[in-house]
Amino acid sequence: MKEKATSPNLMKYVRKSGCASKISPGDLFNALCGLDIPQDENTIVGIEGYEDAGVYRITDDMALVQTIDFSTPTVNDPFTFGQIAAANALSDVYAMGGEPRTALNIVCFSIGFFDRQILKDILKGGAGKLKEAGVSLLGGHSVDDPETKYGISVTGLIHPGRVIRNTGAKPGDYLILTKPIGSGIVSTGIKEQVVDESMVQEMIISMTTLNKDASRVMCASRAHAATDVTGFGLIGHLKEMIQENVGVELFIPAIPVFSKAEELASAGVVPGGLLKNKAFYEQNTIGNPGTVMDMIIYDPQTSGGLMIAISPDDMGSFETNAQAAGLQFRTIGRFLDEPKGRIILRSHMPDRM
């Protein structure tokens with residue numbers, strides 16, 4: 001009889017396909033293409049816009065914001081993994097400007113491989129984040145699976161007229177990012193046992209931080225558009241923001257990155273999802289940073305920050321609100337009228353912003 005693992009080595013059974021083992025953007029696009037999607041007149045935001053969550057009108061003053069997200073472990077500690085997975089799922093509602101209210105757990109776990117206490121710790125970590133967010137856990141579903149996965153289906157509330165979509169950025173708007181990138185690379189480093197504890201802790205602090213404050217600052221500052229940076233990487237989610245409506249210039253030196261992520265990427269320690277993202281999205285970029293950042297900007301994230309489009313006229317308000325909330329952010333780009341649908345990679349900062 002196989003001896004059960006009692007130590008929290010959750011990443012032992014995780015494939016190298018990426019921090020969340022996501023289907024590649026190209027394959028997902030092909031799978032969804034041509035589907036007859038059932039919707040009615042109360043669907044405000046559906047599947048067609050690649051939005052972070054769906055929105056469904058209940059009354060003239062209230063709509064539901066609904067999402068589901070789960071992932072394979074990004075760290076070995078089960079409690080921390082539960083925290084990260086919960087924060088990641090809640091982020092989709094925050095990105096739309098909604099207030100999460102209820103949740104359902106989704107868990108894949110094998111008692112044949114791991115001790116029950118590990119499962120309990122995962123669920124405990126997730127429940128703690130839900131409590132921090134003011135969300136009620138109503139139940140869930142479990143499947144026996146040797147590759148551990150955990151996540152949450154979240155329902156939130158929002159006024160139908162206050163939904164913030166991933167599109168809507170206007171030429172001249174600034175592009176704000178509220179968390180560093182590179183977590184997929186660091187997670188791969190954890191699995192390959194080539195990272196130290198300080199690198200892990202830096203990533204954990206960021207990934208377990210809710211995007212609640214970022215969402216409230218965004219909503220108070222009349223954001224034109226927003227999304228969270230997750231499995232398709234910074235470039236993939238930025239492409240969703242611009243679609244074919246506007247362009248954007250991305251200031252590579254301004255992008256915050258986790259410590260040693262550049263060193264790891266230079267050594268070839270990258271998740272498979274990064275390579276899939278790069279293959280699919282790099283056709284939408286112009287220029288080359290000339291550094292390893294040409295890889296990191298495609299890195300798949302779990303529980304990443306919000307990317308927000310803010311008018312120059314509202315930047316003062318955003319900065320004031322961010323300071324009051326203790327929110328860290330960087331201005332990493334600027335939206336353009338042309339070239340539509342393209343991301344210009346700038347290797348230097350502009351003289352004036």
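Residues numbered from 1 in each chain as written. Predicted model: local features only at pLDDT ≥ 70, side-chain atom pairs only at ≥ 80, totals over all residues. Heavy atoms only, no water.

> Describe the overall build of the protein chain, listing the residues and the values that go with them.
Of regular secondary structure, the protein chain possesses 11 helices and 13 strands. Taken over the C-alpha atoms alone, the protein chain extends approximately 65 × 50 × 45 Å along its principal axes. The buried share of the protein chain, taken over its 353 residues, is 55%. The long-range fraction of contacts in the protein chain, counting pairs at least 24 apart against all pairs at least 6 apart in sequence, stands at 86%. (Helix = DSSP H or I, 4+ residues; strand = E, 2+ residues; numbered from the N terminus. Buried < 20%, exposed > 50% of the residue type's maximum accessible area, 1.4 Å probe, protein only. Contact = heavy atoms within 4.5 Å.)

> Residue-level account of the sheet that holds strand β9 (residues 247–251), with values.
Spatially, β8-β11-β7-β12-β9-β13-β10 is the arrangement adopted by the seven strands of the open sheet, whose pairing is mixed. Each edge of the open sheet carries a strand with a single partner, namely β8 (225–228) and β10 (285–286). For β8 and strand β11 (residues 306–310), the ladder comprises four bridges, and the chain directions are antiparallel. Bridged to T227 within β11 is M307. The strands that helix α7 (residues 233–242) touches are β7 (174–177), β8, β9, β10, β11, β12 (330–336) and β13 (343–346); relative to β9, the one it contacts most, it runs at about 150°. (Pairing = 2+ DSSP bridges. Axes fitted to C-alpha atoms, helices over the stretch in contact; angles between N-to-C directions.)

> Quick rundown of helix α2 (residues 78–95)? Include the residues and the values.
Under the 1.5 Å per step criterion, the end-to-end length of α2 is 26 Å for 18 residues, consistent within 8% with the ideal 26 Å. Among the 18 residues in α2, 17 count as buried, and that is most of the element. Positive backbone phi, at 90°, marks G97, one or two positions downstream of α2. (Expected span 1.5 Å × (residues − 1).)

> So what's going on with the pattern of salt bridges? Which residues, and what values?
One pass over the structure, following the stated rule, counts 12 salt bridges. The closest approach of N and O atoms between E99 and R216, which form a salt bridge, is 3.7 Å. Placement of the pair is E99 in strand β4 (residues 99–108) and R216 in helix α6 (residues 212–220), with a sequence separation of 117 residues. Exposure remark for E99: the relative accessible area of 32% places this residue in the partly exposed category. (Salt bridge = Lys/Arg side-chain N within 4 Å of Asp/Glu carboxyl O.)

> Describe the environment of D60, and please don't skip the residues or the numbers.
Within the fold, D60 resides in the loop between β2 (54–59) and β3 (62–71). With relative accessibility at 65%, the residue D60 sits in the exposed group. Note: C-alpha distance between D60 and I296 (236 residues apart in sequence) is 43 Å. Setting aside its immediate chain neighbours within four residues, D60 contacts H159 and P160.

> Give me the pairing of β4: which residues, what numbers.
Sheet topology places β4 next to strand β6 (residues 149–158); nine bridges connect them, and they run antiparallel. Across the sheet, residue P100 finds its bridge partner in β6, namely G156. With seven bridges joining them, β4 and strand β5 (residues 136–143) adopt parallel strand pairing. Counterpart to T102 in the pairing with β5 is S136. Read as a crossover between parallel neighbours, the route from β4 over helix α3 (residues 116–133) to β5 is right-handed. (Right-handed = clockwise from strand over helix to strand, strands pointing away.)

> Any chance you could break down the side chain of D92 for me, citing the residues and the numbers?
Mapped onto the fold, D92 is located in helix α2. The residues touching D92, leaving out its near neighbours within four places in the chain, are D52, A53, T67, D69 and D228.

> Could you give me a rundown of the nonpolar core, with the residues and numbers involved?
Grouped together as the largest cluster of nonpolar side chains are 81 residues, with contacts concentrated most on L234, L238, L250, I255 and F335. Counting residues per element, this core draws most heavily on α2, at nine residues. (Core = buried A, V, L, I, M, F, W, Y, C linked by side-chain atoms within 4.5 Å.)

> Talk me through the packing of α2 against α3; I want residue IDs and the actual numbers.
One way to put it is that α2 packs onto α3 with a least axis distance of 7 Å and a crossing angle of 40°. Accordingly, the angle class assigned to the pair α2 and α3 is oblique. As α2 runs across α3, the sense of the crossing is right-handed. The segment α2 lies against α3, with P78, F79, F81, G82, Q83, A86, L90 and Y94 engaging I118, D121, I122, K124, G125, G126, K129, L130 and A133. Tallied by class, residues from the contact of α2 with α3 come to 10 nonpolar, four polar and three charged. (Parallel < 35°, antiparallel > 145°, perpendicular 65-115°, else oblique. Left-handed = near helix turned anticlockwise from the far one by under 90°. Nonpolar A, V, L, I, M, F, W, Y, C, P; charged D, E, K, R; others polar.)

> I'd like a description of the sheet that holds β3, backed by residues and values.
Strand order in the open sheet formed by six strands is β1-β2-β3-β6-β4-β5, with mixed pairing between adjacent strands. Taken across any chain shown, the strands that pair with only one partner, and hence form the sheet edges, are β1 (43–45) and β5. Each strand axis lies, on average, 25° off the axis of its neighbour in the sheet, ignoring direction. Lying on the sheet, α2 is in contact with β3, β4 and β6; it crosses β6 at an angle near 30°.

> Explain α3 to me, and be specific about the residues and the numbers.
Residues three or four positions apart in an α-helix share a direction because the helix packs 3.6 residues into each turn. When the terminal C-alpha atoms of α3 are compared, their 26 Å separation across 18 residues agrees well with the 26 Å that a helix rising 1.5 Å per residue should span. Elements that come into contact with the buried residues of α3 comprise α2, β4, β5, β6 and α6. The opening residue of α3 is D115, an N-cap whose side-chain oxygen sits 2.8 Å from the backbone nitrogen of Q117. Looking at the residues trailing α3, positive phi occurs at G134, about 75°. (Polar contact = N/O pair within 3.5 Å; in protein donor to acceptor, adjacent residues only side chain to side chain.)

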